[in-house]
Each structure stands twice: as structure tokens, then as C-alpha cells.
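What follows is each chain in one-letter form.
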Amino acid sequence: MTATDDLALLLSWHHGRGALGPFFSALEQGRIMGARCTACGRTVVPFRTRCTVDGAQMAPLDLPVTGIVRQVTVGSASGLLPGGLGGRTFGLIEVTGADTSLLARIADGEGPVAEGTPVRLAPAEAGVTHPSQWLVFVADT
Amino acid sequence: MIQNSPVILGGGQVPFRRYRDGTGFRDWVRLACDAAFADAQIERAEIDAVIVASESDMLSMQLSPGPLLVDDIGLTGVPVVRVESGGGSGGAALRVAVMHLMSGLASRVLVVGFEQAASHLSRDTVRSVYGLSFDADLEGWAGATATMLYALSLQDHMARFGTTMEQLARVSVKNHGNARLNPDAHSPLAITVDDVLTSSMVSTPYRRLDCSLLSDGAAALILARPDAMTWRRDRPMTRIIGMGCATDTVRLGERALPGVFTGKRTAAAMAYRTAGISDPTRQIDVAEVYDSYTGAEVQGIEALGLAPDGGAAARLADGKYGPDGPLPVNLSGGLIGHGGAPGATGIVQAITVSRLIEGRYHPALQGGRDVRTGLIDCHGGLATVNLTHVLQRVET
């Protein structure tokens, strides 16, 4: 048996948003930015620069802020989300007008959100540590 | 068949577990390499390339491990390449080694994989780190975990094909049970379906006993060109006759079929094509499949063409993939029973299948089986990058 030592390293990054910058800015403003392929017309969310089907360039477009819950899971989120180690709900959301689904956190309102529930983008929360934490949906009552 | 099919000369590993004895990955790599050289019966001086696999420097606290480990094991001067493909890192290292040999760039290659995934960092820290192995900006920092993503993929599979958690629990029972006969396994357990179904919930519907372990471990394998080795007379030998690699979209929501491992299907097709396998259900005798979760084994079996889509769970219940079945899956215990040290896992899979082929695996698991052709499968992300290899006994 050899000795062990407790070592700690705190890392802080100055991290650019890059091509996702407009998507995150839109979220902060209560909008969802998707993308449409300039070749095949496929509409995806979140925004991306290249189509996964044909590799063509994609153009940004605003999508409705509504959708339907496709699948949902409840579990401990990671510590990267403030307060995340408690139970959180994440799901795949079929955003209105998009051909793909979007992974997002779902805020529990009056109860757990089930598959098939209509949802809408929640207002951007303050105090996030990363702009992806603005991507939260709530039941659309 | 791939040109100049490389031959496996030998391999070695350390047991997978959470090491509490103050040792670290550098020690485990040395031990695994010593074992591999002894098993292969060659000298260090005969190695002309080293491939090193590990998933994350965040886990090991060592950037650029390749030249460090070459130095540690007494091979300073030999070329080294470090390979990473998430949980498929070991399989990717095997692929790169085969490329070295096929191209003539090297004659005898040492493949080393390791991970210090269990003892270095706390479980919560590791969960945060692994969130960054998907889309860090869009998923990791949002707080999503690997288990959440796998759970969402599984739910699509369940909705399409009617797979149940009770069916999947049999994967855990099988793999923990196989691990009881494997002295290198991290989690040998005698459990029942009910034990799995009543274990604590992690992320719905996955429970604790549906999930694989993250382990500490290391493994090494030595491969050679057939014209640059001495053929063994005391035992059969194994060669790599097929390999494939393919990717899928990194974000689950952009997949047309989130519950189907499409990238793995493509990788397997490539491996089978190069190996001359036309009906894997008949031509594959054993398989080591990347069972990061119980559902992932079932999804993997289907994507590998060992069952039709939606058909693996029922065949599992019928015993087809059990140790006494016609196509045993994860005799080692898989990630669920043997454990998962991502950089080493694909290499351990190769050691497992080659020893089954050579008739010298752990006796209780080898039994009297005659294995000619085996499949190994691993992946990174959510079957986002997939590595598949076909191994076969050399007929003399």
C-alpha cells in the first residue's frame, strides 16, 4: 500500500460562444433559433452551420417557441447546473416547425411533465453559469 | 478479408476495480504491459510502434500520456500515437494499430489502454466531466448526464418495439453473473430480475443495476504482421479479419431513430464486409458488446445484426445470449459486470475474444466451447463513434 495525496485544481475558462453565439442570444431574448438547409430544406434545431444529411450550408431562422414533449427522463443532473445534483427533468422536445428534436430541461410546474405534453420556452433565468441553461421549457397551459 | 490480417501475439490486463491501494494508471500500465510481453513471448526491442488509448486527461490528471508511458515501460525512442474516441478509445487504438500493420509502417505493435475513472475523482465530479463528452456547450453545461441521454434513447426504443425494463433486467443478471466467473471483473454479483427492478432510480427508467460501472484499469495487446512473427505451436492463434468505424449525429434529437444505434450498424456492416461475414447470426460464435447500460446491450445487439430491430430482448429472455446459449454475449461480464475503464475496454474485449478463440479463457467461462469467430464492439458518446472488429482463429 502506498500513500495517497489530496490534490485540487480549480479551472476557469474564458469561453467564446462562437457560431452558437446567435442561438444563445436568441434564447436570452426568448426566441429559438433553428437552421434550414440551403440545399434540401431540412429544418433543424438548435442552429448548426452544416446539414448532417448533405453537408450543405444552413441558414438561421426563428422557430416558434412551442413544442411537444417526445421523451422525458427525471434524474440527478450534473454539478455543472447550479443546484443540479437534485432531481431534474430533461426531455427531447419536438419544436414546432423543426424536423429534429431538441434536448432541453423541463421545469416541473404543477406536476411532472409527461410525454405528449405541449410546452413552450420559459423566460430566460438570471444567474446561469452557461447560456445553455436558458434552454428550459414549461407546460403550455 | 483485410490485407495481411494482423495476428494477436498476446495480451495482459490488470483487474478492473476501484483501486484503494495508492497505485495509479502508470503502475497498472506497467503491469499490463509486463503481462502482455510474457504472454506474447517477445522482447520489448521487437516493438516498433506503440498506440496508447485513454478517454480523458481530466480523469488521469496527465496530459499527453503517450510519451510518458512509452518512457515508463522502457520503449523510449519508439513511435507513439495517442488515440481517443470516448468509450471506444480502446477499439480505436486497435484500429490504428491494424492500420500501422496493414500499411507496412510497423511490424509489431503494442496497444495500451488505461483509465483511472473510479479512484481519482468523486462520483459527482466524474458525472459532470462525462456530461462534457457529449455536446459540451449544448448538453453538458445544461446539466444533462450520460444516463439521461441513454435513458431518452432507450425510451424511443421501448416506444417503437415494446421492450420492457423487465426484459432489460436480464442483461444485468447475466452480465453480473458472468462476472462471478471472471477474476478480473469489478462487479461479480448473484442478483435477480427483481433486484434490478427495485434498485434505486438513477434517471428514469434506468436504475442503478441497469448501469455499468466506471472502473480503474489497464490492458495491453501485442499485434504483428503475419510475416514478422513466430507462429506458436503450443496453442491456436487469432487474427483480426475485419474492422469498421462509423459515426452518428452527436445530438440525439437530430437522429431520425433516436432508439436505434445507426452508426453502430454502419460500423458493423463495414467490419462484416471486410471479414467476409454474410450472416453474423450464424457466423459469429461470441460477442463482447458495449453494454454501458442494459438497454445499450440490447440496442447494440440489434445494430450489430445479431437480432432484428426490436428482437434482441425476447431472444435474451430465451437464453440465446447467455453463457449456455448459441451466441454468448459478454462472457467477460461486459461493462456491467467486468467494469468500464474506457481506454482499456476495447483492448480487454480483444483479449477476451482472442482467448476464447484460443481455448484459454478463464476456465469456468471457456468451458468446452469451440470458438472460431468473435466480434468486439465499443463506442464513444451515445453510440456516436463506433468501433467494430471481427476476430478469427488462424487455421493451420
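The structure under discussion appears in the preceding block.
Each value, and the rule that gives it
Residues numbered from 1 in each chain as written. Chains lettered and ligands numbered in written order. Predicted model: local features only at pLDDT ≥ 70, side-chain atom pairs only at ≥ 80, totals over all residues. Heavy atoms only, no water. Helix = DSSP H or I, 4+ residues; strand = E, 2+ residues; numbered from the N terminus. Buried < 20%, exposed > 50% of the residue type's maximum accessible area, 1.4 Å probe, protein only. Lys, Arg positive; Asp, Glu negative; His and termini not counted. Charge placed at Lys NZ, Arg CZ, Asp CG, Glu CD. Pairing = 2+ DSSP bridges. Contact = heavy atoms within 4.5 Å. Buried area = accessible area lost by both parts, 1.4 Å probe. Polar contact = N/O pair within 3.5 Å; in protein donor to acceptor, adjacent residues only side chain to side chain. Nonpolar A, V, L, I, M, F, W, Y, C, P; charged D, E, K, R; others polar. Patch = residues over 30% accessible without salt bridge, like charges linked within 9 Å, V, L, I, M, F, W, Y side chains within 5 Å. Areas by Shrake-Rupley, 256 points an atom, 1.4 Å probe, with all protein chains shown as cover. Salt bridge = Lys/Arg side-chain N within 4 Å of Asp/Glu carboxyl O. Expected span 1.5 Å × (residues − 1).

Caption draft 1: Focus on the overall build of chain A. Counting its secondary structure elements, chain A contains one helix and eight strands. Ordered by position from the N terminus, the helices and strands of chain A form the series α-β-β-β-β-β-β-β-β. Judged by the C-alpha coordinates and their principal axes, chain A covers about 60 × 40 × 30 Å. Counting only residues that meet the buried cut, chain A has 43% of its 141 residues in that class. Charged side chains in chain A number 10 positive and 12 negative. The centres of these two groups are separated by 9 Å.

Caption draft 2: Main features of the pairing of strand S2 (residues 49–53) of chain B. Residues and elements named next belong to chain B. The buried fraction of S2 is high, at five of five residues. Side chains Ala49, Ile51 and Ala53 project from S2 onto one buried face, and the interleaved Val50 and Val52 project onto a second face that is buried too. Here S2 runs beside strand S4 (residues 108–116); their pairing, made up of five bridges, is parallel. Bridging from a neighbouring strand, Val50 pairs with Leu110 of S4. Strand direction decides the pairing type here: S2 and strand S3 (residues 80–83), joined by four bridges, are parallel.

Caption draft 3: Structural context of the interface of chain B and chain A. Chain B puts 35 residues into the contact, and the matching count from chain A is 39 residues. Around 3100 Å² of area is buried between chain B and chain A when both sides are counted, 60% of it from carbon and sulfur atoms. Counting across the chain B and chain A interface gives 13 residue pairs in polar contact (both at pLDDT 80 or more). Of all the secondary structure elements, the ones that give two or more residues to the side of chain B that touches chain A are helix H5 (123–131), helix H6 (136–140), helix H7 (146–161) and strand S5 (201–203) of chain B. The biggest single contributor to the side of chain B that touches chain A is H7 of chain B, with seven residues. Of the residues in the side of chain B that touches chain A, the class split is 14 nonpolar, eleven polar and ten charged.

Caption draft 4: Seen up close, the side chain of Ser101 of chain A. Its location among the elements puts Ser101 of chain A in strand S6 (residues 101–106). Note on Ser101 of chain A: relative accessible area 3%, which makes it buried. Those residues in contact with Ser101 of chain A that sit more than four places away from it in its chain are Val45, Arg70, Leu92, Ile93 and Glu94 of chain A together with Gly253 and Glu254 of chain B.

Caption draft 5: Fine view of the sheet that holds strand S3 (residues 58–63) of chain A. Residues and elements named next belong to chain A. The three strands lie next to each other as S2-S1-S3, forming an open sheet whose pairing is antiparallel. Two strands in the sheet have a free side with no partner beyond their single neighbour: strand S2 (43–44) and S3. Across six bridges, the pairing between strand S1 (residues 32–37) and S3 is antiparallel. Residue Ile32 lies in a different strand from S3, and its bridge partner there is Leu63.

Caption draft 6: View of the environment of Arg273 of chain B. With respect to the element layout, Arg273 of chain B can be found in helix H10 (residues 262–275). Along the primary structure Arg273 of chain B and Met243 of chain B are separated by 30 residues, whereas in three dimensions their C-alpha atoms are 8.7 Å apart.

Caption draft 7: Representation of a nonpolar patch on the surface. Together, Leu9, Leu11 and Trp13 of chain A together with Met58 of chain B line one region of the surface with nonpolar side chains, adding up to about 490 Å² of accessible area. For Leu11 of chain A, the position within the fold is in the segment before helix H1 (21–28). Owing to a relative accessible area of 46%, Leu11 of chain A belongs among the partly exposed residues under this scheme.

Caption draft 8: Structural view of helix H8 (residues 165–179) of chain B. Relative to the 21 Å expected for 15 residues at 1.5 Å per residue, H8 of chain B spans 21 Å between its end C-alpha atoms, a close match to the ideal helical length. Residues of H8 of chain B that are buried: Met165, Leu168, Ala169, Val171, Ser172, Lys174, Asn175, His176, Asn178 and Ala179 of chain B.

Caption draft 9: Spatial organisation of the pattern of salt bridges. Residues and elements named next belong to chain B. Enumeration over the complete set of coordinates arrives at 29 salt bridges over all chains. For Asp72, the salt bridge identified is with Arg26, shortest N-O distance 2.8 Å. Note that Asp72 is positioned in helix H3 (residues 65–72) and Arg26 in helix H1 (residues 25–40), a separation of 46 residues in sequence. The partly exposed category is assigned to Arg26, whose relative accessible area is 35%. We note a salt bridge from Asp377 to Lys264, for which the minimum N-O separation is 2.5 Å. Taken as a pair, Asp377 in strand S10 (residues 373–380) and Lys264 in helix H10 lie far apart in primary sequence, 113 residues in all. For the pair Asp377 and Lys264, a shared accessibility class is recorded, and that class is buried.

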